[in-house]
Every structure is written in C-alpha cells, then in structure tokens.
Amino acid sequence: MGRLRHFIQPQDFTIEEFESLFRLANDILSNPSNYSHCCDGKILASLFFEPSTRTRLSFETAMNRLGGRVIGFADPAASSTTKGESLGDTLRTVEGYADIGVIRHPKEGAAHLATKYLTTMPIINAGDGGHQHPTQTLTDLITIRRFHQRLEGLKIGFCGDLKFGRTVHSLIRALKRYPNNQFVLISPEELQLPEYMQNEIKETNYCEEEDLSEVIEDLDILYMTRVQKERFVSEAEYERLKDFYILNEEKMKLAKEDMIVMHPLPRVNEISQDLDSDPRCVYFKQAKLGMYGRMALIMKLLEVEI
Ligand code: NCD
C-alpha cells in the first residue's frame, strides 16, 4: 500500500493520472459487470454537510455498483455536528468505520483540513463552499472528451456565477493545464471570477465579457452555471442577479452546430427547458458520465483492480 492519497483539488492528480481515470471510466461504462465485485467488503462514508442530489447519489451508486457499501448522512442536522462535535472528531471517528470518505462542506478549505486528521482513510472533496469541486471536474472532463474527443485547443465560455461557482474554479484549474485552450468568462461585474483564480490563469488566453450573445458564436463549449443563492449575504442582491442569463432558442441559433452546452446542475432558470431536446445540450448525459468517473476514482484511491 502506497502513500495515502486524497482528491481535494484537480492538481492532486497529474494529467497522466487523469488519463488513466478516463480509460478506466470508459472501460467500466463498456463492461460494467467486470467491476461489480471489485469493492466487495469495502465501505464508503458519505459525509454531506450541505445539500446535494447528483454528487451524493452518484457516489453512493458508484460504490454500490462496485460491490461496496455506503454509510453516512445527507444532512448535518442528522449528525453530532448539532451537538457541537468538531469536524476533526467526526472524521477521526468515521475513519475507524470506513475505507474511503466523501465530504461536502459549506466552508472553503474544509476538505483540505479533513486530510490533516486522517491517517488511513482517503478523502474526496465533493465541494467546499465556493472554492473547489474536483469530482465535478472529473465529470466535466469525461464529458468534454466524449463530445469533442480532446481537452486541448478548445474555446470554453463559462457563464453565470463565476465568483461563487466552485465547479468553474475547478474546471478552469484542470483545463488550463492543456495547450491552446481559451476561456471566455461571461458574467455580470458582481459575479466575476475571483482575483485569486484570475491570477492563476494569467498565462492562459482569457477574456471577460458580459453579453452572452456577443460571444456565443465562437464557442466550442458553453458551461452554464446557477447563481449560487446560498453564498449571497444579501437576498436582494441575489434577486437582482439570479436571472441575468437565460439561455434560450434565440441565443442557441447563434451557436455552432457542434458547440455543447454543459451545466453541473441543478438548473434554475438559466437554461430554458425548451432546449433540453437540442442534441447540443448534454447536461443530463454529463450527470450520468460522472458516475463512471466516480467509480474509477474510488477504485484508484482504494488501489483496487479487477
Ligand atoms: C454544483 C455544486 O454543488 O457546486 N452541483 C453539483 O455538484 N453538480 C453546482 C451547483 O450547485 O450549482
């Protein structure tokens, strides 16, 4: 058994390690029955201190499909956090029960902090506040490879809440490692990409824009996001910004035939439901692909093979 590995942010894995995850995810997708016992006897702890549908259910399904079992909570109100237990104590306890953990937490840096308490259990960051969400990135990269057959030389528009949208932060960190990608950051001024992230992409070709219609025609990928209501201090500010972008048929007419629309989901109003039947809108396929990526990730961190 090698050094204990965690997955807290995309850079924790090299490009080559991501490649091997893509290959494994692909093989699982093609031959699922070959993998249905490879985690027999293993237990995944699913520690969700913040709401989730896709991330939690896809991790839990992933472990079930690998033959393992799942313990955990979907709501901190059902854990001893309400009694005042610290994150460190919860983790040290869970480490005694489970082989691998998945944590989502409202505080930025919580998943990184978690690694400080652990000595035997690998932990996966399923979202820490408005900071990072690396398994959504794994999902996103698998989706991009499936529809564009490459991760380089792409023009990607990120649209919506680039300030609080952790999926955007993680995907940018991953895509900037591949050559010739261009980022178009589409947001109102109030929701621009934070400065620390802008500093990270100084060497990458990027621009900021407010008007989606002005830039949509050149994009290979349009990554739409929800305005992150739960991160706003002012309800009025959220109300003012929440419908800033609504992708509809009229705007999609301007886009390329092979542009894909991605979204980490949940969607609120930012993509009109009329577009769901447009083959370029791949967000539900994206959500499904994420499950195979998570199966591959669990196998890698547990160091299991078939
Ligand atoms: C995202 C998240 O939790 O950051 N959802 C997800 O995991 N697919 C995006 C969001 O909540 O808007």
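Here we summarise the structure given alongside this text. Every value quoted in this text rests on a predicted model; they were computed, and no experiment measured them.

### Description of helix α11 (residues 283–302)
The first and last C-alpha atoms of α11 sit 29 Å apart over 20 residues, in line with the 28 Å expected at 1.5 Å per residue. Of all 20 residues in α11, 15 are buried; the element is thus mostly enclosed. Phi turns positive one or two residues past the end of α11, at Glu303, with a value near 55°.

### Notes on the packing of aromatic side chains
Inspection of the entire model under this criterion finds 11 aromatic pairs. Both rings, one in Phe7 and one in Phe13, keep their centres 4.6 Å apart while their planes meet at 20°; by these two values the pair is stacked. Comparing Phe7 with Phe13 shows no difference in burial state: the two are buried. Seen from their ring centres, Phe49 and Phe73 are 5.1 Å apart, and the 80° between their planes marks the pair as edge-to-face. A residue pair is termed long-range when its members are at least 10 positions apart, and Phe49 in the loop between β1 (43–48) and α2 (54–65) and Phe73 in strand β2 (residues 69–73) qualify at 24 residues. Just as Phe49 is buried, Phe73 falls in that class too.

### What about the nonpolar core?
Core analysis: the biggest nonpolar cluster contains 56 residues, and Phe158, Ile172, Leu175, Leu297 and Ile298 have the highest contact counts within it. With 10 residues, the top contributor of residues to this core is α11. Apart from residues no more than four positions distant in its own chain, Ile298 is found in contact with Cys39, Leu44, Phe59, Ala62, Met63, Leu66 and Ile100.

Rules and cut-offs
Residues numbered from 1 in each chain as written. Predicted model: local features only at pLDDT ≥ 70, side-chain atom pairs only at ≥ 80, totals over all residues. Heavy atoms only, no water. Helix = DSSP H or I, 4+ residues; strand = E, 2+ residues; numbered from the N terminus. Expected span 1.5 Å × (residues − 1). Buried < 20%, exposed > 50% of the residue type's maximum accessible area, 1.4 Å probe, protein only. Phe/Tyr/Trp six-rings, centres within 6.5 Å; stacked < 30°, edge-to-face > 60°. Core = buried A, V, L, I, M, F, W, Y, C linked by side-chain atoms within 4.5 Å. Contact = heavy atoms within 4.5 Å.

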